[in-house]
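What follows is the residue order along each chain.
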Amino acid sequence: MKLHQQFDLNLRALKPENFNNIPRAINMMPGLVEGLVKRLLGQGYVVIESSARYMGIPKSITVIKDFSGPFATMFSAKINEEFSSFSKRIGVERLFE
């Protein structure tokens, strides 16, 4: 099972008053984000950066992780049960398999 979480860029964190040395901070940020992505990749995550960028920083990063084991099985079963129940209730149970 794949679970994902999207993280959107917080533009308020990039306000000039948050930095002592603005040119240095602007130049360092893309490298720091790249380091974050490399660490996540090293931990087995799939990382998708948006193509839209703000000052060289992706506007969003989506992190995806494969899960297996009892948790994933129980979660998957719960989703299947609820989907079947809801689709049966509205009369479209055979529309999806």
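Structural notes, computed from the coordinates.

Conventions and cut-offs
Residues numbered from 1 in each chain as written. Predicted model: local features only at pLDDT ≥ 70, side-chain atom pairs only at ≥ 80, totals over all residues. Heavy atoms only, no water. Phe/Tyr/Trp six-rings, centres within 6.5 Å; stacked < 30°, edge-to-face > 60°. Helix = DSSP H or I, 4+ residues; strand = E, 2+ residues; numbered from the N terminus. 1 Å grid on protein atoms, 1.4 Å probe; cavity = no way out; pocket = protein on both sides within 12 Å on 5 of 7 lines; lining within 4 Å. Points joined across faces, edges and corners; volume = space filled by probe spheres on them. Pairing = 2+ DSSP bridges. Axes fitted to C-alpha atoms, helices over the stretch in contact; angles between N-to-C directions. Core = buried A, V, L, I, M, F, W, Y, C linked by side-chain atoms within 4.5 Å. Buried < 20%, exposed > 50% of the residue type's maximum accessible area, 1.4 Å probe, protein only. Contact = heavy atoms within 4.5 Å.

For any two aromatic rings, the description comes down to two numbers: the centre-to-centre distance and the angle of the planes. Scanning the entire structure with this criterion turns up two aromatic pairs. An angle of 75° between the planes, with centres 6.3 Å apart, marks the rings of Phe 67 and Phe 71 as edge-to-face. Seen from their ring centres, Phe 71 and Phe 75 are 5.9 Å apart, and the 10° between their planes marks the pair as stacked. Residue Phe 71 and its partner Phe 75 are both found in helix α2 (residues 70-89); the two are separated by four residues, about one turn of the helix. Three or more aromatic residues joined by ring pairs form one cluster here, namely Phe 67, Phe 71 and Phe 75.

Moving on: the layout of surface pockets. If you add up the space inside the largest pocket, you get close to 160 Å³. Every residue lining the largest pocket is listed: Phe 7, Asp 8, Leu 9, Met 29, Leu 32, Val 33, Leu 36, Ile 57, Pro 58, Lys 59, Ser 60 and Ile 61. Of all the secondary structure elements, the ones that give two or more residues to the lining of the largest pocket are β1 (2-8), α1 (22-42), β4 (57-58) and β5 (60-66). When residues in the lining of the largest pocket are grouped by element, the largest group, four residues, is from α1.

Where strands meet in a sheet, backbone hydrogen bonds hold them as pairs that are either parallel or antiparallel. With antiparallel pairing, three strands are arranged side by side in an open sheet as β1-β5-β2. For this open sheet the edge positions go to β1 and β2 (46-49), each flanked by a neighbour on one side alone. With direction set aside, neighbouring strand axes in the sheet form an average angle of 20°. Where β1 meets β5, seven bridges bridge the pair, whose relative direction is antiparallel. By the bridge assignment for β5, His 4 is matched with Ile 64.

Our focus in this paragraph is the nonpolar core. Ranked by size, the top nonpolar core spans six residues in total: Val 33, Val 37, Val 47, Ile 57, Ile 61 and Val 63. Secondary structure elements with two or more residues in this core: α1 and β5. If we ignore the near neighbours within four places in the chain, the residues touching Val 47 are Val 37, Leu 40, Leu 41, Ile 61 and Thr 62.

Purely geometric numbers; function is a separate question.
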